[in-house]
Amino acid sequence: MLRKSLPKLCNLAKSYGNGLYRSYSVYEPNYLELLKPKYPIYGLLNIQIKGYDFPVLESYQRYLTSVAKAMDLDVSNGWAVPAETFQVLRYKPQSALTESEYKLTVYERNIQIVDIMAPVYPVLLRLAQASLPEGVSITVVEHTKEQDELRYVPDGNLNELKQQLDEMGGPVQKKKRK
């Protein structure tokens, strides 16, 4: 008797509700399946832009931010990383004498995007690469805590005072009253 009524119960369960098939537990409501995103979502992504020309880099960061906002992406943050300066020496041919000396400064800007859907991500990358100015490089990475630490410039005076305090025996601990 149970074998004969089992197919009828399964058909009844499939046609239950608003036409959705119930392939999950009896205790889970139908709308939970509808709340799941259709495509995978990337978490925090940092778009790192590096270049030698400061005004071009600033303009490109502003452009990428406006493109991302026009695509309805959540641009949560944008920041600058302290510039790095390199010294480049050009030697005379077949000698150890320097012909010229150059100081190059590399500037870096970051744009942080939150919860970008997988089909939108390649479109953003293609737009960013197609409009990339000369001398500017772009990298997209996941956000890490090390990147948060890089964006802050250490205070030299504060570090010196902390070192002097440690040399004197450290901070004084107040005694608790009982």
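Described in the following lines is the structure provided in the data block. Everything quoted here is computed from the prediction, not taken from an experiment.

### Side note on a nonpolar patch on the surface
At step 1: Together, Tyr 52, Phe 86, Val 88, Tyr 102 and Leu 104 make up an exposed nonpolar region whose accessible area comes to about 470 Å².
At step 2: Listing elements by their share of the nonpolar patch, those giving two or more residues are strand S2 (74-91) and strand S3 (98-117).
At step 3: Mapped onto the fold, Val 88 is located in strand S2.
At step 4: Accessibility expressed as a relative area gives 34% for Val 88, which makes it partly exposed.

### Here's the deal with the side chain of Asn 110
At step 1: Here Asn 110 is to be found in strand S3.
At step 2: In this structure Asn 110 comes out as buried when scored by relative accessible area, which is 3%.
At step 3: Once you skip the residues sitting within four places of it in the chain, Asn 110 turns out to touch Ile 47, Gln 48, Gln 61, Asn 77, Gly 78, Trp 79 and Val 81.

### Points about the environment of Pro 82
At step 1: Relative to the helices and strands, Pro 82 is located in strand S2.
At step 2: The spacing of Pro 82 and Glu 108 is 26 residues in sequence and 7.3 Å in space, taken between C-alpha atoms.

### Overview of helix H6 (residues 156-167)
At step 1: In this model H6 runs 17 Å from its N-terminal to its C-terminal C-alpha over twelve residues, within 8% of the 16 Å that 1.5 Å per residue would give.
At step 2: Note on H6: the residue one or two positions beyond its end, Gly 169, has a positive phi of about 120°.

### A word on the side chain of Arg 109
At step 1: Assignment of secondary structure puts Arg 109 in strand S3.
At step 2: Polar side-chain contacts of Arg 109 include one of 2.4 Å to the side chain of Glu 58.
At step 3: What Arg 109 contacts, discounting residues up to four positions off in sequence, is Ile 47, Gln 48, Ile 49, Phe 54, Leu 57, Glu 58, Gln 61, Trp 79, Ala 80 and Val 81.

### So, empty space enclosed by the protein
At step 1: Tallying each qualifying case throughout the model produces one cavity of 30 Å³ or more.
At step 2: In this model, the largest cavity occupies a volume close to 30 Å³.
At step 3: The wall of the largest cavity is formed by Leu 45, Ile 47, Ile 113, Ile 116, Tyr 121, Leu 124, Leu 125 and Val 140.
At step 4: With three residues, the single largest contributor to the lining of the largest cavity is helix H4 (residues 120-130).

### Things to note about the sheet that holds strand S4 (residues 136-142)
At step 1: With respect to topology, four strands assemble into an open sheet ordered S2-S3-S1-S4, the strand pairing being antiparallel. With one partner strand each, in any of the chains shown, S2 and S4 form the two edges of the open sheet. When the angles between neighbouring strand axes are averaged without regard to direction, this sheet yields 20°.
At step 2: Strand direction decides the pairing type here: strand S1 (residues 41-51) and S4, joined by seven bridges, are antiparallel. Along S4, the bridge assignment pairs Leu 45 with Glu 142.

### Describing the nonpolar core
Buried together is how nonpolar side chains tend to be arranged in soluble globular proteins.
At step 1: Among the nonpolar cores identified, the biggest contains 16 residues, and Ile 47, Ile 49, Leu 64, Ile 111, Ile 113 and Leu 124 are the most heavily contacted of them.
At step 2: A per-element tally of this core places helix H3 (residues 54-70) first, with five residues.
At step 3: The contact partners of Leu 64, leaving out residues within four places of it in the chain, are Ile 47, Ile 49, Ile 111, Ala 128 and Ile 138.

Cut-offs and rules
Residues numbered from 1 in each chain as written. Predicted model: local features only at pLDDT ≥ 70, side-chain atom pairs only at ≥ 80, totals over all residues. Heavy atoms only, no water. Patch = residues over 30% accessible without salt bridge, like charges linked within 9 Å, V, L, I, M, F, W, Y side chains within 5 Å. Areas by Shrake-Rupley, 256 points an atom, 1.4 Å probe, with all protein chains shown as cover. Salt bridge = Lys/Arg side-chain N within 4 Å of Asp/Glu carboxyl O. Helix = DSSP H or I, 4+ residues; strand = E, 2+ residues; numbered from the N terminus. Buried < 20%, exposed > 50% of the residue type's maximum accessible area, 1.4 Å probe, protein only. Contact = heavy atoms within 4.5 Å. Expected span 1.5 Å × (residues − 1). Polar contact = N/O pair within 3.5 Å; in protein donor to acceptor, adjacent residues only side chain to side chain. 1 Å grid on protein atoms, 1.4 Å probe; cavity = no way out; pocket = protein on both sides within 12 Å on 5 of 7 lines; lining within 4 Å. Points joined across faces, edges and corners; volume = space filled by probe spheres on them. Pairing = 2+ DSSP bridges. Axes fitted to C-alpha atoms, helices over the stretch in contact; angles between N-to-C directions. Core = buried A, V, L, I, M, F, W, Y, C linked by side-chain atoms within 4.5 Å.

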